[in-house]
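Structural characterization, general
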Amino acid sequence: MLLFASCKNADYKKVTNDPELYRVTVKRLNDIVLENNFPPVIASRNYVYANIAAYEVIAAGDSKHYRSLAGQIKHLPAVPQPDKQKNIDFQFASLLSFCHVGNAVTFPEGSMSLYVDELKEKAKAAGMPSDVFENSVAYADTVAKHILKWSKKDNYAQTRSASKYTVTRTDGRWIPTPPMYAQALEPHWGEIRPMVLDSASQIPAPEPPPYNMTDKNSVFYKSVMQVKNMVDSLTKDQTHMADFWDDNAFKLNVIGHASFATKKFGPAGHWMNIAGIGSKMNKADFNTTVAAYTTASIALFDAFINCWYVKYKANSVRPETVINKFIDPDWKTHIQTPPFPEYISGHAVISAAAAETLTKSFGDNKAYTDSSEAEFGIPPRSFKSFRAAALEAAISRVYGGIHYKIACDIGNQTGRKIGDLVNQKLQLKIK
């Protein structure tokens, strides 16, 4: 009987240390983000703090192989270390810490509570000893509270009451677009404290081409016509590409006098799914999986901050506005234009940044199939590498009709620089 009990106690780690459980946990937060209509920039904040909390637990439990982010992220204070006399399941604790932070940074607060109860029941049912369970829960809470306290200093709360964007109806400047005509989304996001970047402006983008619709040979005019011509002659594959990378967290559908909303994962959520695909495809262990999600989420977070700084500095008009005014008043984009300035492309920046970190985590030229959009009725797409996926994400915005190609090309280049910087500055694994 004693032998049986001992074996059962050892078996619980097969459940709590399974990397699939971490992938499922991230997806659970992703679903909550989707259900509650978090805009893409705020969603990136949800993912980054939850993943960092999980990672810090892993680094504390496996300090021979992983470094804390404290000090690497210069404003992250040292994380409380566990009592070496206490037996802790650090993988289980990392799951709970992720959920604790996820619960606090999403709304309604406590959205992950039922899932946390499920995790705890899984651990108990698998035979986790009561002392290990209690110690793990306690350490998870300690780390989560530390990360949440740190998160409150990132200027997010202050931007909630910052001034709204003022629309100036001057040619070349962004104005709201149909069908929602929504106000500008998060005009102060460039003021959020980044993780690795010294400031939102550290990696600059060149100025966009000057607005000019009077000269048909100008770069701007040609860029406008390129978008129109592409959308007017989309192939089946280009249409699939635009739909696959649409990632519109809240699309307003208008049919006659009726309207309804549909939801999908935002771009950060899509790349969290891709991180999970990379982890599973490479048969990564639990700790490697957490580290990969964490660096990707940091890259996404900083990329959004940089991109939004550039967007509201350039304040460029969307193709739809220009084409409707000067070329064809009835022309429509293939996907819905989001409510913020055009230059540079957010998808291009954040996709390239995430792709660089995933390439470091799992290797280059790793072919994979992304079926994460299947739940929205969109067939999967296959890619030769994470970088190839990022390039496709960028050009898809031109096929969708919402970006000029130059904004996507520059966005991809900017994103790669951000991803490179994250890879250089953050050395999670000890070789």
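Anything mentioned here points back to the structure above.
Residues numbered from 1 in each chain as written. Predicted model: local features only at pLDDT ≥ 70, side-chain atom pairs only at ≥ 80, totals over all residues. Heavy atoms only, no water.

1. Re the overall build of the chain
Assigned secondary structure in the chain consists of 15 helices and four strands. Its C-alpha radius of gyration of 23 Å places the chain within 12% of the 22 Å reference for a compact globule of 431 residues. Taken along the three principal axes of its C-alpha coordinates, the chain extends 85 × 45 × 40 Å. Counting the 431 residues in the chain, one finds 58% classified as buried. Long-range contacts, defined as pairs at least 24 residues apart, comprise 80% of the intrachain contacts of the chain with a sequence gap of at least 6. Per element, the accessible surface of the chain, about 18500 Å² overall, is 54% carbon and sulfur. Here the chain contributes 50 positively and 42 negatively charged side chains, and the mean placements of these two sets differ by 3 Å. (Helix = DSSP H or I, 4+ residues; strand = E, 2+ residues; numbered from the N terminus. Rg over C-alpha atoms; globule rule 2.2 N^0.38 Å. Buried < 20%, exposed > 50% of the residue type's maximum accessible area, 1.4 Å probe, protein only. Contact = heavy atoms within 4.5 Å. Areas by Shrake-Rupley, 256 points an atom, 1.4 Å probe, with all protein chains shown as cover. Lys, Arg positive; Asp, Glu negative; His and termini not counted. Charge placed at Lys NZ, Arg CZ, Asp CG, Glu CD.)

2. A closer look at the state of the cysteines
Taken as a whole and judged by the stated rule, the model has zero disulfides. The structure places no disulfide on Cys307, whose sulfur is separated from the nearest cysteine sulfur, that of Cys408, by 10 Å. Looking at Cys307, the relative accessible area reads 0%, which means it is buried. (Disulfide = S-S within 2.5 Å.)

3. Here's the deal with empty space enclosed by the protein
The probe, sized like a water molecule, is rolled over the atoms to show the empty space still left. All chains considered together, the criterion is met by three cavities of 30 Å³ or more. Taken as a whole, the largest cavity encloses approximately 50 Å³ of empty space. Asn30, Val33, Leu34, Phe38, Ala43, Tyr47, Ala249, Lys264, Phe265, Gly266 and Gly269 together form the lining of the largest cavity. Of all the elements in the fold, those that place two or more residues in the lining of the largest cavity are helix H2 (19-35) and helix H3 (40-61). For the lining of the largest cavity, the leading source of residues is H2, giving three residues. Among the residues forming the lining of the largest cavity, the class breakdown is seven nonpolar, three polar and one charged. (1 Å grid on protein atoms, 1.4 Å probe; cavity = no way out; pocket = protein on both sides within 12 Å on 5 of 7 lines; lining within 4 Å. Points joined across faces, edges and corners; volume = space filled by probe spheres on them. Nonpolar A, V, L, I, M, F, W, Y, C, P; charged D, E, K, R; others polar.)

4. Considering the side chain of Asn287
Of note, Asn287 is situated in helix H11 (residues 286-314). Excluding anything up to four places from it in sequence, Asn287 contacts Ile58, Asp62, Tyr66 and Gln91.

5. Thoughts on the nonpolar core
Across soluble globular proteins, nonpolar side chains show a tendency to be buried alongside one another. Core analysis: the biggest nonpolar cluster contains 140 residues, and Trp189, Met195, Trp271 and Ile298 have the highest contact counts within it. Considering each element in turn, this core owes the most residues, 17 residues, to H11. When sequence neighbours within four positions are dropped, the list of residues in contact with Met195 reads Val48, Tyr49, Ile52, Ile73, His75, Trp150, Ile298, Phe301 and Asp302. (Core = buried A, V, L, I, M, F, W, Y, C linked by side-chain atoms within 4.5 Å.)

6. Some points on the packing of aromatic side chains
Throughout the structure, instances matching the rule amount to 23 aromatic pairs. Relative to Phe340, the ring of Trp308 has its centre 4.6 Å away and its plane inclined at 50 degrees; by these criteria the two rings are tilted. Taken together, the positions of Trp308 in helix H11 and Phe340 in the loop between helix H12 (319-326) and helix H13 (346-362) put the pair 32 residues apart, joining distant regions of the chain. Phe340 carries the same exposure label as Trp308, and that label is buried. (Phe/Tyr/Trp six-rings, centres within 6.5 Å; stacked < 30°, edge-to-face > 60°.)

7. Things to note about H12
Those residues of H12 that fall on the buried side of the exposure criterion are Pro319, Glu320, Thr321, Val322 and Ile323. Where H12 is buried, its residues touch helix H8 (219-232).

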